[in-house]
Amino acid sequence: MQNVNVEEDLRQLVKDAKWAIWAFVILNTFVLVFFFVDGLYNEFVFVLLFIQVFLVLFWLGPVFLYQIFIKKVRIKYAVYRALASYKEVFSHCSW
């Protein structure tokens, strides 16, 4: 019974990690479009690049390091966990 729950949690974790990768791809596509249209000095490009750097350094990095050093999980699982947490960040944003 518990083995089924672990597999289901892992499946959901991988699904959320894939969602986060697609969010990165879509967001970076918009950044590239605005960059090619107006250059680096476009406010939208600058803000999106700043937000992405902030999220990687101050959100995904610490979550990854916490999973590796405190929880003692494998690197692959830590990457999935960090990317899945990125979905939580987006759920707190109000569009």
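Going by the structure above, here's the rest.
Residues numbered from 1 in each chain as written. Predicted model: local features only at pLDDT ≥ 70, side-chain atom pairs only at ≥ 80, totals over all residues. Heavy atoms only, no water.

Helices and strands together make up the secondary structure of the protein chain, namely three helices and zero strands. Over its C-alpha trace the protein chain gives a radius of gyration of 16 Å, far above what one expects of a compact globule, namely 12 Å for 95 residues. For the protein chain, the C-alpha atoms occupy an extent of roughly 55 × 25 × 25 Å along the three principal directions. For the protein chain, contacts bridging at least 24 residues in sequence account for 55% of all contacts bridging at least 6. About 7500 Å² of surface is accessible on the protein chain, with carbon and sulfur atoms providing 70% of the total. Positive and negative side-chain charges of the protein chain, numbering 9 and 7 respectively, have mean locations separated by a distance of 11 Å. (Helix = DSSP H or I, 4+ residues; strand = E, 2+ residues; numbered from the N terminus. Rg over C-alpha atoms; globule rule 2.2 N^0.38 Å. Contact = heavy atoms within 4.5 Å. Areas by Shrake-Rupley, 256 points an atom, 1.4 Å probe, with all protein chains shown as cover. Lys, Arg positive; Asp, Glu negative; His and termini not counted. Charge placed at Lys NZ, Arg CZ, Asp CG, Glu CD.)

This part covers the packing of aromatic side chains. Counted by the stated rule, this structure contains four aromatic pairs. Judged by centre distance (5.1 Å) and plane angle (40 degrees), the ring pair of phenylalanine 54 and phenylalanine 58 falls under tilted. In this pair, phenylalanine 54 and phenylalanine 58 are both assigned in helix H2 (residues 43-69), four residues apart and thus about one turn of the helix distant. Relative accessible area serves as the criterion here: at 56%, phenylalanine 58 is assigned to the exposed category. (Phe/Tyr/Trp six-rings, centres within 6.5 Å; stacked < 30°, edge-to-face > 60°. Buried < 20%, exposed > 50% of the residue type's maximum accessible area, 1.4 Å probe, protein only.)

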